[in-house]
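If you want the building blocks of each chain, they are given just below.
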Amino acid sequence: MWNRLDRSKRLLNCIFASGLIYYLTYLSTYQLTEYFEFTHSTSWIYLPSGIRMMLVLVLTGCGAFGVALGTFAIECLIIHSGDLTYNLITSLVAGGSAYLGWVVSQRIFKLKCDLHELTARQLLGICVVFAIVCPLSHQLWFWFYGHTRDFWPSFLVMSIGDFGGCIVVLAVIQFTLKVFRSGQTEMDISVLLGSLPL
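Reading the values: the criteria
Residues numbered from 1 in each chain as written. Predicted model: local features only at pLDDT ≥ 70, side-chain atom pairs only at ≥ 80, totals over all residues. Heavy atoms only, no water. Helix = DSSP H or I, 4+ residues; strand = E, 2+ residues; numbered from the N terminus. Buried < 20%, exposed > 50% of the residue type's maximum accessible area, 1.4 Å probe, protein only. Areas by Shrake-Rupley, 256 points an atom, 1.4 Å probe, with all protein chains shown as cover. Contact = heavy atoms within 4.5 Å. Core = buried A, V, L, I, M, F, W, Y, C linked by side-chain atoms within 4.5 Å. Axes fitted to C-alpha atoms, helices over the stretch in contact; angles between N-to-C directions. Parallel < 35°, antiparallel > 145°, perpendicular 65-115°, else oblique. Left-handed = near helix turned anticlockwise from the far one by under 90°. Nonpolar A, V, L, I, M, F, W, Y, C, P; charged D, E, K, R; others polar. Patch = residues over 30% accessible without salt bridge, like charges linked within 9 Å, V, L, I, M, F, W, Y side chains within 5 Å. Salt bridge = Lys/Arg side-chain N within 4 Å of Asp/Glu carboxyl O.

**Q** Which residues make up the overall build of the protein chain, and what are the values?
**A** Across its full length, the protein chain carries seven helices and two strands. Along its sequence from the N terminus, the protein chain presents helices and strands in the succession α-α-β-β-α-α-α-α-α. Taken over 198 residues, the protein chain has a buried fraction of 44%. Accessible surface, the protein chain: about 11200 Å² in total, of which carbon and sulfur atoms supply 68%.

**Q** Explain the side chain of asparagine 87 residue by residue, including any values.
**A** Structurally, asparagine 87 can be placed in helix H4 (residues 84–109). Excluding anything up to four places from it in sequence, asparagine 87 contacts Phe72, Glu75, Cys76 and Ser81.

**Q** Residues and numbers for the environment of asparagine 87, please.
**A** Note on asparagine 87: relative accessible area 1%, which makes it buried. For the pair asparagine 87 and alanine 73, spaced 14 residues apart in sequence, the C-alpha separation works out to 8.8 Å.

**Q** Quick rundown of the nonpolar core? Include the residues and the values.
**A** Grouped together as the largest cluster of nonpolar side chains are 30 residues, with contacts concentrated most on Met53, Leu57, Ile126 and Phe130. Counting residues per element, the ones that place at least two in this core are helix H1 (2–28), helix H3 (48–78), H4, helix H5 (120–145) and helix H6 (151–180). No other element matches H3, which puts ten residues into this core. The next biggest cluster of nonpolar side chains, apart from the first, holds five residues, and it includes Tyr86, Val93, Trp141 and Phe142.

**Q** Describe unusual backbone geometry, listing the residues and the values that go with them.
**A** Although it is not a glycine, threonine 60 adopts a positive phi angle of roughly 45 degrees. Position of threonine 60 relative to the elements: it lies in helix H3. Taking the relative accessible area as the measure of exposure, threonine 60 reaches 22% and is therefore partly exposed. Here lysine 110, not a glycine, exhibits a phi torsion of approximately 50 degrees, which is positive. By secondary structure assignment, the location of lysine 110 is in the loop between H4 and H5.

**Q** Account for the packing of H3 against H6, with residues named and values stated.
**A** If you want to describe how two helices pack, look at the angle between their axes and the distance between the axes. It is at 6 Å that the axes of H3 and H6 come closest, and there the two elements cross at 70 degrees. As summarised for this structure, H3 and H6 are arranged roughly perpendicular, according to the angle between their axes. As H3 runs across H6, the sense of the crossing is right-handed. In this structure, H3 uses Ser49, Gly50, Ile51, Arg52, Met53 and Met54 to contact H6, whose residues at the interface are Gly161, Asp162, Gly165, Cys166, Val169, Leu170 and Ile173. For the contact of H3 with H6, the residue count by class is seven nonpolar, four polar and two charged.

**Q** Which residues make up a nonpolar patch on the surface, and what values go with them?
**A** Together, Leu32, Tyr35, Phe36, Phe38, Trp44, Leu156 and Ile160 line one region of the surface with nonpolar side chains, adding up to about 710 Å² of accessible area. Looking at the element boundaries, phenylalanine 36 is found in the loop between helix H2 (30–35) and strand E1 (37–39).

Next comes the structure, spelled out in structure tokens:
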């Protein structure tokens, strides 16, 4: 029984930490996102998309729940949308689409559970998958709710923004690895991801 409680506590901590990371990433890039905004919640560059992808790749379901929690906090505390139903559904779309992106990526690229031996080509493909699945889900919801009139242009811009955000985050991680490994054997992002516990 204690093991189940400990496991539940770890899962909740993981979800909360993921949500906090996603929220803080959005908060720290809020001005940039607003500056490049095309339509409602659609930006030409969206750095949190890369964090969303990494959270779900590394933490799968916990990461997806964390993204949903972080999105709910963003909608309520930063965007100040007064519509609780809209905020809740937007949060579920954010977390659910990220998880769907992971499922699709796993099936297409035959990812191992520990992400060991993940190649640069696979990472690029995963970025493309997330840059299609997440914006498509969001834009369908925004269109249904009446926040998007130009569905296809908004989807295209959001896809570009999400793809760019994923690439920037991967580049920052790659650069950080290069800086901190001085004198060590060469290691890339796939080694880092493969060494993280799921």
